[in-house]
Amino acid sequence: MRIIGGEKGGLRFQPPANMPHTRPTTDIAKGGLFNILENNLEFSGLKTLDIFGGTGSISYELASRGVTDLTIVERDPNMADFIQKTAKSLEVPVKLQRMDVFKYLEQCTEKFNFIFAGPPYALTTIDQLPLIVFERQLLEPEGWFVLEHTPRNNYKNYSYYRSERNYGTTIFSIFINREELKK
């Protein structure tokens with residue numbers, strides 16, 4: 001694996017050729033997302049949850065900005081092995097949950113300041129994710145939930161929806177646990 005460090009966090013890595021196929025968030029979209037996060041969240045002290053962890057790159061980006069409480073949920077055994085190996089080589093302390101995201105969310109009793117979901121775009125139950133996060137009260141007050149999706153999904157009428165950022169085929173819908181945003 002090749003690691004490329006940025007000036008202000010922003011670890012980028014080139015996965016090995018034998019890594020299982022995944023749909024990584026593009027560098028442009030991820031850069032845009034982290035610009036938004038840097039202007040709105042204080043990274044030190046955040047407790048984060050990365051569901052549908054994929055390669056773990058979102059959590060590594062968070063770690064490069066000072067986040068130390070990182071939980072990643074990834075069901076695919078090959079991807080989970082990759083996350084574990086990469087986190088160890090980068091010396092990033094992650095709590096890796098090797099299980100189905102929906103089962104994890106059902107049983108989770110923790111609260112987080114930031115939750116990121118980068119599900120497979122073909123996931124038929126993607127629209128349930130914001131509902132589950134808020135029904136299960138998984139966010140601390142003022143906590144952020146960011147859902148990555150395609151233009152075919154629209155969350156503007158969901159409770160706690162705040163805004164979205166469009167990067168072509170990648171859209172990030174942002175939800176904030178703030179009472180005035182509940183509809």
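Look a little higher up for the structure.
Scope of this entry: the structure provided in the associated data block. This is a predicted model, so every value here is computed, not measured.

Take the overall build of the protein chain next. If you tally the helices and strands in the protein chain, you get 5 helices and 9 strands. For the protein chain, the succession of helices and strands along the chain, N to C, is β-β-α-β-α-β-α-β-α-β-α-β-β-β. Looking at the 183 residues of the protein chain, the share that counts as buried comes to 48%.

Burial of strand β9 (residues 170–176) is extensive: 7 of the 7 residues sit out of reach of the surface. Across 6 bridges, the pairing between strand β7 (residues 139–149) and β9 is antiparallel. Across the sheet, L147 pairs through a bridge with S173, a residue of β9. Where strand β8 (residues 161–167) meets β9, 6 bridges bridge the pair, whose relative direction is antiparallel.

On to the environment of E164. Along the chain, E164 turns up in strand β8. Spatially, the C-alpha atoms of E164 and F175 are 8.9 Å apart, while their sequence positions differ by 11 residues. Other than its neighbours up to four places away in sequence, E164 contacts K156, I171, F172 and S173.

With a phi angle near 60°, E91 is a residue other than glycine that sits in the positive phi range. Turning to its location among the elements, E91 is positioned in the loop between α3 (77–90) and β5 (94–97). Overall, E91 belongs to the exposed group, its relative accessible area being 72%. Even without a glycine there, the phi angle at Y160 is positive, about 70°. Residue placement: Y160 occurs in the loop between β7 and β8.

A separate point is the nonpolar core. Counting residues in hydrophobic clusters, the biggest one holds 26 residues, and the most contacted among them are I51, L105, I115, L129, F145 and F175. Residue assignment for this core shows that the elements contributing at least two residues are β3 (47–51), α4 (101–107), β6 (112–117), α5 (128–135) and β7. The contact partners of F145, leaving out residues within four places of it in the chain, are I115, A117, L129, P130, V133, L139, S173, I174 and F175. In this structure, L41, V67, V92 and F116 belong to the second largest nonpolar core, which totals 24 residues.

Rules and cut-offs
- Counting restarts for each chain: residues are numbered from 1 in the order of the written sequence.
- Residues qualify for local features only when their pLDDT is at least 70, as the model is predicted, and side-chain atom pairs are given and counted only at 80 or more; totals for whole chains, interfaces and linings, by contrast, use all residues.
- Only hydrogens and water are removed before side-chain values are computed, so all heavy atoms of the structure are retained for them.
- Starting at the N terminus, helices and strands are each numbered in turn, a helix being any DSSP run of H or I of at least four residues and a strand any DSSP run of E of at least two.
- For the exposure calls, accessible area comes from a 1.4 Å probe over protein chains only, and a residue counts as buried if that area is under 20% of its type's maximum, exposed if over 50%, partly exposed in between.
- When DSSP finds two or more bridges between two strands, those strands count as paired.
- Here a residue-residue contact requires only that any non-hydrogen atoms of the pair lie within 4.5 Å.
- Residues enter a nonpolar core if they are buried and are Ala, Val, Leu, Ile, Met, Phe, Trp, Tyr or Cys, with the set joined through side-chain atoms within 4.5 Å.

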